Every structure is written in C-alpha cells, then in structure tokens.
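Inside the fold
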Amino acid sequence: MSPSTCSWGICLVLAGAFAASQAPPLGPQVLEVEPFVELPSGVRYPEGLASNPRNGDIYVGTFDMRQPASERNNQLLRYAADGRLLAQRSFTGMPLTGLGYADGQLYILNFGAGKLQRILADFTADTPVEDVLDFPRLVPPAPAARMVDNPDGSQDRIEFAASGMPAPNGLVFAGNGDLYVSDSFQGALYRIADATHCRPCSLEVLSRDPLLATAGFLPFGANGLALDDGERHLYINNAGDGRLLRMPLSGGELQVVAESLPGADGLLFHDGLLWLLANQVDQLLGVDEQGLIRIRAGGFRGLSASGAPLGLLFPASSVVQGDWMVISNLALPLTPAEGDEWEEQVRTWNLVRLRLPRSSAKGGATHAANP
C-alpha cells in the first residue's frame, strides 16, 4: 500500500505495529562485568568487601579455609580506587567474612576466631588489630524446628542441629552507629548498639527464627545483610535456602521476599534495589522490595591466561564505589570430588566490577539492554 492510498487509521495502526516490533522486550536489564584487580600471588578466596567513602579505598578480606591450617594465607588487603594495592595485613590461619567501614576504622568479622575486630582504615602490615567482642555459643545452638506446608495439606518438619560454633558472616551499619551481624551456623541475628563508640560492647540477640537456619547443600544460613533507605527493615540472605528475607525493625515476624536464589550470599541496598549475589549460579541480581528481579549481571565466562575468572565465579560480596560496583570472586570449591567444579582450576583470584545504571528501580519493569 503506497502512502498516497494509506488511510490515516491504517497508517497509524501500521506505524504502531512497526514501533512495537522495534521496542526492546520488557524484563531485567542486563549488565556486563569487567576485570578490575588480581590479588597478590598466593592470596586466595576474596570474600568480604568494604569501601572508604572519603578516599575510595577498597578493602578485601579472604576466606582461606584450606586444610591443614598451616597452608592458609588469610589477608586483609587495601586497594586504591584505581586498583593499586596499598597495604596488606596478615591474618594467617583465621578466615575473614564481613567487612564494614565506619568513622575511620575498618570493622572485621573474624570467622576463624569468632570475633568482631577493628583496625585503622589506613592500616599497614604492622597496624594492631583491636578485639571489639567475642560471639557467643548460643543455647540452644540452633533455632527451633521449621514447619513447612505442602500442597496436599500435610506438613514437613525440619529440625536443625549445630555444634554451638559461632559463624559471624554478614554485617551492616545503621546510621546511628548500631551494627547488625548474622550468624550462619547458629541461625541468629545480632545487634551491637553504638558499635563505633561502645567500651565495652554488648551483643543483643535480635532473632533465632527458623528461617535463619538451613538444611540445604550450602551449609550457611543467615548471610548477607542490608538496610533499606529509611532503615525500617533489615534484609537477610539465607544462602543454603536461596531466600531473601525481611525483618521489620519496629517489630514483627520475618518475611520471605524472594526465593529460588541459589547461594544467596552478599547483599547491599543501593538506588532502591537489593543487590544480591547468587553464588551457586554466578550471578548478581538487582531485586526490588517486592522481590522482582530488575537487573541481572555476571555468569561465568571461563578463565583468563593467568587463571583468573572471567565474569563471576562463586561471587561473595559487592561494594559501591562511585559509579561502579566492585564484586569479589570467592571461587571456592565445595565438593570433595575432583574435576566437577571450575573453581578447582582457578590459579589467580580477582575482583571484578560493573558500571551502575543511572536509574535502577523506579517506574516498572526495565528494558533488557547492555550498557
């Protein structure tokens, strides 16, 4: 049909159909990650991350659990914003998990020692480490049983066990200086009031809800933590269950926000989204507060010539640094069998990064596109 014979109505319909055929599909926005820094030779398993908002320094703690313990080489690393290694502090056999910056100090969850520690943010190899508090062996060591409803009207009863070993894992600071901490083995959430100034500090057990424990393959329950902008809710990842949970800080029960997130590990809240690392599928997910995945990034792309992961491989933590998000590739083998995990072939451990989109969470579903 030529333009001269096209009626206004038909032309408008055809134009609309053409525009619809050219529009990108609705769905999660897809972002790409790029290599950032490789860890020093002999340093493995980067886990916790933090950043210094004053100068852009990035802090990395390692989770080296090799046996025998004499083979471990746990380090706390400090990088400049451009990726230059500025300092490293040895923790030898003590694996580290969550890190957090506050008031010129770096706070460290020493998983191996079961302690909260701190060190000056501009630390060097010889800077002393201060113990803040010890995490307790709780009684009982595990939460109560969880009842799970089935579609046929029956219920499953999941009973949890724990030896009483503290497993401090994720942390997040509130604006008033309170610190929230997760315990992955004992299924607990803690609060340390005014953690940057308390002397001595006291530990409050906020919750032992059964949703904080797991009987899953990945033996870590409560893991990454985040607070929303108004600090009304504490968000919690359960790694073994693959769930994102929410707890109202004003009181109330734990709620399930999203499920089927395999290995839900590191978590942070930024620009209206919960940025969640699903370490068993090597992905970063930007999830809104209704549980809808709005951004997706990562995937394992193989190993570089130096043996470092390309893309994401067992990603553990993320941190925002200006326009970028930096992610640690823990790349930790889990199974005793040999030859079934790419993590076994990693020779160099690394951090990767992605450029953050200008707007993440507002206005309905985003369009799928590369940056």
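Structure report, in brief. Computed from a prediction, not measured in an experiment: that's the story for all the values here.

A look at the overall build of the chain
Along its length, the chain carries one helix and 29 strands. In terms of C-alpha radius of gyration, the chain reaches 22 Å, essentially the compact-globule figure of 21 Å for 371 residues. Expressed along its principal axes, the backbone C-alpha trace of the chain runs to roughly 85 × 55 × 45 Å. In the chain, buried positions account for 54% of the 371 residues. Long-range pairs, those at least 24 residues apart, make up 50% of the contacts in the chain with a sequence separation of at least 6. Of the roughly 16,700 Å² of accessible surface on the chain, 53% is carried by carbon and sulfur atoms. Both charge centroids of the chain, one from 26 positive and one from 40 negative side chains, sit 4 Å from each other.

Re the environment of V181
Mapping V181 onto the fold places it in strand β14 (residues 179–183). In this view, V181 contacts L109, F135, P168, G170, L171, A188, L189, Y190, I192 and L225; residues no more than four positions away in its chain are not counted.

What about the state of the cysteines?
A full pass over the atoms with the stated rule returns one disulfide. With a sulfur-sulfur separation of 1.8 Å, C198 is cross-linked through a disulfide to C201. When the S-S torsion is 85°, as for the bridge of C198 with C201, the disulfide is right-handed. The two residues C198 and C201 agree in class, both being buried.

As for the sheet that holds strand β4 (residues 58–62)
With respect to topology, four strands assemble into an open sheet ordered β3-β4-β5-β6, the strand pairing being antiparallel. With partners counted over all chains shown, the strands left at the sheet margins are β3 (46–51) and β6 (85–92), one partner each. If you compare each strand with its neighbour and ignore which way they point, the axes differ by 15° on average. Relative to β4, β3 runs antiparallel, the two being bridged by four bridges. Looking at β4, one finds that L49 is bridged to V60.

Comments concerning the pairing of strand β19 (residues 243–248)
Counting buried positions along β19 yields six of six residues, so the element is predominantly enclosed. On β19, burial covers both faces: R243, L245 and M247 on one face and L244, R246 and P248 on the other are all buried. Strand direction decides the pairing type here: strand β18 (residues 233–238) and β19, joined by six bridges, are antiparallel. What sits directly across from H233, in β19, is P248. The antiparallel pairing of β18 with β19 creates a hairpin that spans four residues between the two strands, and G242 there sits at a positive phi of about 65°. Relative to strand β20 (residues 255–258), β19 runs antiparallel, the two being bridged by three bridges. Looking at the pairing, L245 lines up with V256 of β20.

Comments concerning the sheet that holds strand β9 (residues 115–120)
Pairing is antiparallel across the open sheet formed by four strands, whose spatial order is β7-β8-β9-β10. Only two strands of the sheet have a single neighbouring strand rather than two, namely β7 (96–102) and β10 (130–134). Taking each pair of neighbouring strands and ignoring which way they run, the sheet shows an average axis angle of 25°. Where β7 meets strand β8 (residues 105–110), five bridges bridge the pair, whose relative direction is antiparallel. Bridging from a neighbouring strand, L96 pairs with N110 of β8.

Structural notes on the side chain of T62
With respect to the helices and strands, the residue T62 is situated in strand β4. Polar contacts involving the side chain of T62 include one to the main-chain amide nitrogen of Q75, which spans 2.9 Å.

Points about the packing of aromatic side chains
What the rule picks out here adds up to nine aromatic pairs. Their ring planes at 85° and their centres at 5.8 Å tell us that F111 and F185 sit as a pair that is edge-to-face. One end of the pair, F111, is in the loop between β8 and β9; the other, F185, is in the loop between β14 and β15 (188–192), with 74 residues separating them in the sequence. An aromatic cluster is present here, built from F63, F111, F185 and F220 joined pairwise through their rings. One residue, R78, lies across the ring of F123, its end atom 5.6 Å from the ring centre. Geometry around F91 places R89 over its ring, the cationic atom sitting 5.7 Å from the centre.

Here is what the cut-offs are and how they apply
- Residues numbered from 1 in each chain as written.
- Predicted model: local features only at pLDDT ≥ 70, side-chain atom pairs only at ≥ 80, totals over all residues.
- Heavy atoms only, no water.
- Helix = DSSP H or I, 4+ residues; strand = E, 2+ residues; numbered from the N terminus.
- Rg over C-alpha atoms; globule rule 2.2 N^0.38 Å.
- Buried < 20%, exposed > 50% of the residue type's maximum accessible area, 1.4 Å probe, protein only.
- Contact = heavy atoms within 4.5 Å.
- Areas by Shrake-Rupley, 256 points an atom, 1.4 Å probe, with all protein chains shown as cover.
- Lys, Arg positive; Asp, Glu negative; His and termini not counted.
- Charge placed at Lys NZ, Arg CZ, Asp CG, Glu CD.
- Disulfide = S-S within 2.5 Å.
- Pairing = 2+ DSSP bridges.
- Axes fitted to C-alpha atoms, helices over the stretch in contact; angles between N-to-C directions.
- Polar contact = N/O pair within 3.5 Å; in protein donor to acceptor, adjacent residues only side chain to side chain.
- Phe/Tyr/Trp six-rings, centres within 6.5 Å; stacked < 30°, edge-to-face > 60°.
- Lys NZ or Arg CZ within 6 Å of the ring centre and 35° of its normal.

Honestly, that's just the spatial picture; any functional story needs more than this.
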